[in-house]
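Take a look at the letters that make up each chain.
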Amino acid sequence: MGLHQAIESLNERASFLRESLHKSQTIKETMVTIIGSFDHRLSSLEAAMRPTQVRTHAIRRAQENIDKTLKSADVILAQFDLTRKAEAKILRGPHEDLESYLEAICQLRSIVQFFSSFKGFKGPDGVLNHANTLLSKAIVKLDDEFKQLLSTYSKPVEPDRLFDCLPSSLRPSGGLPPKQGEGVKNPSSANNSDQEDKGLEIAIYKPLTLIPPRILPLLHDLAQQMVQAGKKDQCLNEARSLALESSLRKLGVERLNKDDVQKMPWEVLEAKIGNWIHYMRIAVKLLFAAERKICEQIFDDINVKKDHCFAEVTADSVLMLFSFGEAVAKSKRSPEKLFVLLDMYEIMRELQSEVELIFEGKACSEMRDVSLNLTKRLALTAQETFGDFEEAVEKDATKTTVLDGTVHPLTSYVINYVKFLFDYQLTLKQLFQEFETTGTDDNSQLAIVTMRIMQALQSNLDGKSKQYKDPALTYLFLMNNLHYMVRSVRRSEAKDLFGDDWVQRHRRIVQQNAKQYRRVAWAKILQTLTVQGLSSSGSVPGGSDVGNSSGVSRANVKERFKSFNMQFEELHQRQSQWTVPDPELRESLRLAVAEVLLPAYRSFIKRFGPLIENGKNPQKYIRYTPEDLERMLGEFFEGKTWTEQKR
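Presented here is a report on the structure given in the accompanying data block. (Residues numbered from 1 in each chain as written. Predicted model: local features only at pLDDT ≥ 70, side-chain atom pairs only at ≥ 80, totals over all residues. Heavy atoms only, no water.)

### Notes on the overall build of the protein chain
Per the secondary structure count, the protein chain includes 22 helices and zero strands. Counting across all 647 residues of the protein chain, residues that qualify as buried make up 42%. Intrachain contacts of the protein chain at a sequence separation of at least 6 include 82% that bridge at least 24 residues. Accessible area for the protein chain stands at about 35400 Å²; split by element, carbon and sulfur atoms hold 53% of it. (Helix = DSSP H or I, 4+ residues; strand = E, 2+ residues; numbered from the N terminus. Buried < 20%, exposed > 50% of the residue type's maximum accessible area, 1.4 Å probe, protein only. Contact = heavy atoms within 4.5 Å. Areas by Shrake-Rupley, 256 points an atom, 1.4 Å probe, with all protein chains shown as cover.)

### Topic: the pattern of salt bridges
Scanning the entire structure with this criterion turns up 26 salt bridges. Salt-bridge contacts for Glu326 lead to Lys330; the nearest nitrogen and oxygen are separated by 3.8 Å. Placement of the pair is Glu326 and Lys330 together in helix 9 (residues 306-330), with a separation of four residues, close to one helical turn. For Arg333, the salt bridge is made with Glu384, and the minimal N-O distance between the two is 3.1 Å. With Arg333 in the loop between helix 9 and helix 10 (338-358) and Glu384 in helix 11 (residues 365-395), the pair connects residues that are 51 residues apart, well separated along the chain. Salt bridges linked by common partners bring Arg292, Glu296, Asp307 and Glu360 together as one network. (Salt bridge = Lys/Arg side-chain N within 4 Å of Asp/Glu carboxyl O.)

### Examining the side chain of Ser247
Structurally, Ser247 is set in helix 6 (residues 238-251). In this structure the side chain of Ser247 is engaged in a polar contact, spanning 2.8 Å, whose partner is the backbone oxygen of Ala243. Among residues more than four places away in sequence, those in contact with Ser247 are Pro156, Val157 and Leu287. (Polar contact = N/O pair within 3.5 Å; in protein donor to acceptor, adjacent residues only side chain to side chain.)

### Remarks on the nonpolar core
Counting 153 residues, the largest nonpolar core has Trp276, Tyr517, Trp522 and Phe568 as its most contacted members. With 16 residues, the top contributor of residues to this core is helix 8 (residues 266-298). Ignoring any residue separated from it by four or fewer positions in sequence, one finds Phe568 in contact with Trp522, Ile525, Leu597, Leu629, Met632, Leu633 and Phe636. (Core = buried A, V, L, I, M, F, W, Y, C linked by side-chain atoms within 4.5 Å.)

### Focus: helix 18 (residues 554-575)
Compared with the 32 Å implied by 1.5 Å per residue over 22 residues, the 31 Å span of helix 18 between its first and last C-alpha is a close match. Val557, Arg560, Phe561, Phe564, Asn565, Gln567, Phe568, Leu571, His572 and Gln575 are the residues of helix 18 that are buried. (Expected span 1.5 Å × (residues − 1).)

### Considerations on the packing of helix 10 against helix 11
The interhelical angle for the contact between helix 10 and helix 11, taken along N-to-C directions, is 155°, at an axis separation of 9 Å. The angle between the axes of helix 10 and helix 11 places the two elements in the roughly antiparallel class. Every pair of crossing elements has a handedness; the one defined by helix 10 and helix 11 is left-handed. Contact with helix 10, carried on its side by Leu338, Leu341, Leu342, Met344, Tyr345, Met348, Arg349, Gln352, Val355 and Glu356, involves Arg368, Ser371, Leu372, Leu374, Thr375, Leu378, Ala379, Thr381, Ala382, Thr385 and Phe386 of helix 11 and no other residues of that element. Its residues placed into classes, the contact of helix 10 with helix 11 shows 13 nonpolar, five polar and three charged. (Axes fitted to C-alpha atoms, helices over the stretch in contact; angles between N-to-C directions. Parallel < 35°, antiparallel > 145°, perpendicular 65-115°, else oblique. Left-handed = near helix turned anticlockwise from the far one by under 90°. Nonpolar A, V, L, I, M, F, W, Y, C, P; charged D, E, K, R; others polar.)

### Thoughts on the packing of helix 19 (residues 583-613) against helix 21 (residues 626-633)
At their nearest, the axes of helix 19 and helix 21 sit 10 Å apart, and the two run at 160° to each other. Of the possible angle classes, the one that applies to helix 19 and helix 21 is roughly antiparallel. Seen from above, helix 19 lies across helix 21 with right-handed handedness. Judged by residue contacts, Arg590, Val593, Ala594, Leu597, Leu598, Tyr601, Arg602 and Ile605 of helix 19 engage Pro626, Leu629, Glu630 and Leu633 from helix 21. A breakdown of the residues in the contact of helix 19 with helix 21 according to their chemical character gives nine nonpolar, no polar and three charged.

Geometry only, nothing functional implied.
In structure tokens form, the structure reads like this:
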């Protein structure tokens, strides 16, 4: 029962579901029919609306094109307006308002670029040509303005302005270049310590202003526009070159060649070299450095070769400045030129690093080469002059004879020469390094050079000593000159370089010459004070008894005293005219003579004086007491004339 009811219930539900599905299918078919109808109507509507949509799109596109055309026309009209405004500024020129003028050039460039974009469109051709013409005229005026500004502010610098920029120690007195002797050292004068004092003061150079700072930005802007216009060469204005060259001429720089230098008297040339050394510092540290700064500032961030511009400006001035140094280096060598050559070499070495820095770049290579070649040329000429001097000393054949046996002028000249060599020790070391092979100590090289010179001097003095007829004067001359050499070395830096061995060896030579002088000059007169030959029989009875004069011929004793008096007076007359300039040497030589002469004379008088004193006119024979001789010995080697002696 229950099962039957359940089945019926399920059947009812199944029947209900079938009816529902049938209704849904009917509704679906109806909806499909309705939707199909709508789709057909919509297609018809779209077909009807399509012409309207096409017309609407065409109208919209036309409006957009009209808007774009109007905008383009506005832009073109604006360019025409800018062209008129730029033209007005260009026609007025750059002098009144340079900033506005430069803006006008920039506008013209933009206008040209704008109209150049309309390829194949003939309308803007006239405006484009007009703008290009205006631009060309503007650049010409710009070039004129650039040149005018440079010319206006490119005046030669007065020497006083340059001197004011120097360190106080290098400023010449009275605003003038250094006088003769201030810039160079002279080996014939007293030693000085110029080189020693060089490092004591820090040399501070004040910056030199060649163009007012307010003008440089204007020149920079002008140059920038000219370079953009392709006018790079126009930037190389010769006004700066002429101003720089004129500044050097006002200072005193001359363009000289070898023949000009060769014709100059030595005093004039020496003074010019001293000035040239001064000019070199001023030119490199002030003028060229300031000119380089100007080029850097004018062409900063501009596509132009700054080094080339700087080289063009400075080329003539550099060659003019260095021409004098080249002329001196190539002129005929002479000993007195050695120290000025070293001074010139010294300044070139001092400035070399700054020359390399200021004249950097490929365009300035010629200037650097000129500087380096001059430095090497000066070093070579100085080295060759060393050799010339050594040879000249050894072969000096001057007929000058010092009649009093004093120090020969050649000796004092050579010694002063050697002293000056030691003032240039650092410079000479650098010079030796230019040529000497490795392994040679610079100090040893200097010692070798100077010792060779001293040996050459000794050889020459030996030859000159043979000019004297009196052998005693020969030895006195050698003693004086060698003593002067030894004393000078002992009192100079040469002592450390030569060594004690050299000093002691030459002191012994001085002593040997002094001994030889005493032997040659006094041996004969000392013979008159011996007992040999006084007795009538040729012997002296009584042996060595000094008080025993028996057997001695009175006549022989008188003759001995007469001979002694005559020889001593002759020696006194002659050797009082001779000179021993060194006080200590003079006194020691007198003492050495006195130590031999006076004891012998006292002994002779004591032994044989009574024979004369007991006879007639004893003062005729015994003219001098030992005290008289001692006093007269004190007059030897004073260099007195015969007239002075008689007084």
